[in-house]
Amino acid sequence: MGVDYSQLHDPNAEYTMRDLSSETMGVTRDRGGDRDVEITDVQTTMVNGNFPWTLVRIYTDAGIVGTGEAYWGAGVPELIERMKPFIVGENPLDIDRLYEHLVQKMSGEGSIAGVTITAISGIEVALHDLAGKILEVPAYQLLGGKYRDEMRVYCDCHTEEEADPDACADEAERVVEELGYDALKFDLDVPSGHEKDRANRHLREPEIEHKAEIVEKVTERVGDRADVAFDCHWTFSGGSAKRLAERLEEYDVWWLEDPVPPENHDVQQEVTQSTTTPITVGENVYRKHGQRRLLEEQAVDIIAPDMPKVGGMRETRKIADMADTYYVPVAMHNVASPVATIAGAHVGAAVSNSLAIEYHSYELEWWEDLVEEDVIEDGYIEIPEEPGLGVTLDLDTVEEHMVEGETLFDEA
Ligand SMILES: O=C(O)[C@@H](O)[C@H](O)[C@H](O)CO
Ligand SMILES: [Mg+2]
């Protein structure tokens, strides 16, 4: 008896959204027991942190609630509201299926770029919390298990005198000695005092020398105790970026971030390949499809996806795996509340080529009060062993700092 391949794959078959719905995927139904759970509601609320953090909650008929967070962005809460009908009634354990379902639905609805993926990321993170709670495993178990117990955190540092090399060195020392970090990042797109025209992306010699002085003073002060990265926020021309990166080679920096706008792939690749200073890019690149090209063209030394922006926890794992085939490590960009920070740490805990995750809120005293648990201690995150993400929102703190006009989440 031959195999009837037409039963397996009909090349002429019309692809429909129904392929992704649970009605046509019988396997996802009738699980029985605790795993037969349905999503009943999705809610968001925004908190005024040092960014407007967008928190997401997914409710189920089992009374179990999942919490997530999307990168902040205009329209993200509205987009999540629009996606609600696409996942209510679905089983939250089918994370990949629901992710693809949302991508398909939102492509049809208009666009899958930018903030749409950010909104999907927030749902995806909440699904991991939910799935972990239903299956009674920590979220890292859903991503392949634990590679490390603690995730290294790097502290994004600021001073009011950001262009003063000595002030930067003082702040670096304070963060290392008083806050206990052994990994830091400073901005290098600071006024160097010689700019004539802000639209000019080209650096003159005195500007390069001023930036080199910041790097020199900071690394001289803490280089024996900490790794230090420097961020340029996609500011400079290819030629200037090459001169700057070459000038910094002697200081042995951890990395130089976004020296040029990465959309111009040819220049991005040229800059990275021109220098031994490690170049990091990725916070504004969406989905694995966007990140793929940076890797394929060997245009990055370290890749920096933002987990709750790029597509979520599994998307970040997939990017890390792609990066690993190029021997490129991952340093997750992160400006989130403790919710997405912990979620990122679960990804980092599961992934072998994960360097560190960013912390961007050390000046905000109540960052950690947003959840009941301790999150960062001495520059590291101990990965929670509780089911799901292992953090519980402190609703009083959420309410206290809620963006005006927002509504607090319903009780679980
Ligand atoms: O890598 C970083 O942390 C920065 O690029 C921040 O995302 C940016 O300053 C936010 O506005
Ligand atoms: Mg950056």
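Quick caveat, the model's predicted, so the values are computed rather than measured.

The rules behind the values
Residues numbered from 1 in each chain as written. Chains lettered and ligands numbered in written order. Predicted model: local features only at pLDDT ≥ 70, side-chain atom pairs only at ≥ 80, totals over all residues. Heavy atoms only, no water. Salt bridge = Lys/Arg side-chain N within 4 Å of Asp/Glu carboxyl O. Helix = DSSP H or I, 4+ residues; strand = E, 2+ residues; numbered from the N terminus. Buried < 20%, exposed > 50% of the residue type's maximum accessible area, 1.4 Å probe, protein only. Donors = N, O, S within 2.8 Å, 3.2 Å for Na, K, Ca; no water. Pairing = 2+ DSSP bridges. Axes fitted to C-alpha atoms, helices over the stretch in contact; angles between N-to-C directions. Contact = heavy atoms within 4.5 Å. Arc of directions from axis to C-beta. Domains from an automatic or database assignment. Buried area = accessible area lost by both parts, 1.4 Å probe. Polar contact = N/O pair within 3.5 Å; in protein donor to acceptor, adjacent residues only side chain to side chain. Nonpolar A, V, L, I, M, F, W, Y, C, P; charged D, E, K, R; others polar. Core = buried A, V, L, I, M, F, W, Y, C linked by side-chain atoms within 4.5 Å.

A.B. asks: Help me out: how do you make sense of the pattern of salt bridges in this one?
C.D. replies: Should their charged atoms come close, side chains of opposite charge can pair. Counted under the stated rule, the structure contains 30 salt bridges. In this structure, the salt-bridge partner of E173 is R225, at a minimum N-O distance of 3.9 Å. Pair noted here: E173 is in helix α5 (residues 165-177) and R225 is in the loop between α6 (205-222) and β6 (227-231), with a separation of 52 residues, a long-range link. Under the relative-accessibility criterion, E173 is labelled partly exposed at 27%.

A.B. asks: Explain the environment of E78 here, please?
C.D. replies: With respect to the helices, strands and loops of the structure, E78 is situated in helix α2 (residues 76-87). Overall, the relative accessible area of 52% leaves E78 in the exposed class. Sequence-wise, E78 and A119 are 41 residues apart; in three dimensions their C-alpha atoms are separated by 8.8 Å.

A.B. asks: Help me understand the coordination of the magnesium ion (ligand 2) in this model?
C.D. replies: Every protein donor of the magnesium ion (ligand 2) is accounted for by D231 (OD), E257 (OE) and E283 (OE), and the metal-donor separations fall at 2.0 to 2.2 Å. Expressed as a motif, the donor residue spacing for the magnesium ion (ligand 2) is D-x25-E-x25-E. Of this pair, D231 sits in strand β6 while E257 sits in strand β7 (residues 255-257), placing them 26 residues apart in sequence. Looking at D231, the relative accessible area reads 3%, which means it is buried.

A.B. asks: Which parts of the structure should I look at to understand the sheet that holds strand β2 (residues 52-60)?
C.D. replies: In a beta sheet, neighbouring strands are held together by backbone hydrogen bonds and run either parallel or antiparallel to one another. Pairing is antiparallel across the open sheet formed by three strands, whose spatial order is β1-β2-β3. Single-partner strands in this sheet number two, and they are β1 (39-48) and β3 (65-70). Going from strand to strand, the sheet's axes swing by 20 degrees on average, the running direction of each strand aside. Bridging between β2 and β3 involves six bridges; their strand directions are antiparallel. Counted as the bridge partner of T54 is A70 from β3. Sheet contacts for α2: β1, β2 and β3; angle to β1, the most-contacted strand, approximately 170 degrees. Seen against the sheet, helix α4 (residues 115-135) touches β1, β2 and β3 and runs at an angle of roughly 150 degrees to β3.

A.B. asks: For this particular structure, what's the right way to read helix α7 (residues 238-247)?
C.D. replies: Note that an α-helix has 3.6 residues per turn; residues three or four places apart therefore point the same way. Taken residue by residue, α7 has G238, S240, A241, L244 and A245 as its buried positions. Buried positions in α7, seen along its axis, are confined to an arc of 160 degrees and lie on one side of it.

A.B. asks: Can you walk me through the domain arrangement of the protein in this structure?
C.D. replies: Frequently, the measure chosen for interface size is the accessible area that the parts lose on association. Examined at the domain level, the protein breaks down into domain 1 (5-137) and domain 2 (143-386). For domain 1 versus domain 2, the separation of C-alpha centres amounts to 29 Å. A buried area of about 2100 Å², summed over both sides, lies between domain 1 and domain 2, and 62% of it is on carbon and sulfur atoms. Three residues stand out in domain 1 for area buried against domain 2, namely W53, E69 and Y71, and they jointly supply 27% of the buried area on that side. Along the contact surface separating domain 1 from domain 2 lie two salt bridges. A salt bridge links K318 to D96, with the shortest nitrogen-to-oxygen separation between them at 3.9 Å. Here domain 1 is connected to domain 2 by twelve residue pairs in polar contact (both at pLDDT 80 or more). Contributing elements (two or more residues each) for the side of domain 1 that touches domain 2: β1, β2, β3, α3 (95-109) and α4. For the side of domain 1 that touches domain 2, the element with the most residues is α4, which contributes six residues. Its residues assigned to classes, the side of domain 1 that touches domain 2 shows 14 nonpolar, nine polar and three charged.

A.B. asks: Would you mind showing me how to read the nonpolar core here?
C.D. replies: For soluble globular proteins, the rule of thumb is that nonpolar side chains tend to be buried together. Residues L184, F230 and I381 are the most contacted members of the largest nonpolar core, which totals 88 residues. Sorting elements by how many residues they give to this core places helix α12 (residues 338-350) first, with eight residues. Here this core gathers at least three residues from each of two domains, domain 1 (5-137) and domain 2 (143-386). Other than its neighbours up to four places away in sequence, F230 contacts K185, F186, L188, I214, V215, V218, T219, V253, W255, L256 and E257.

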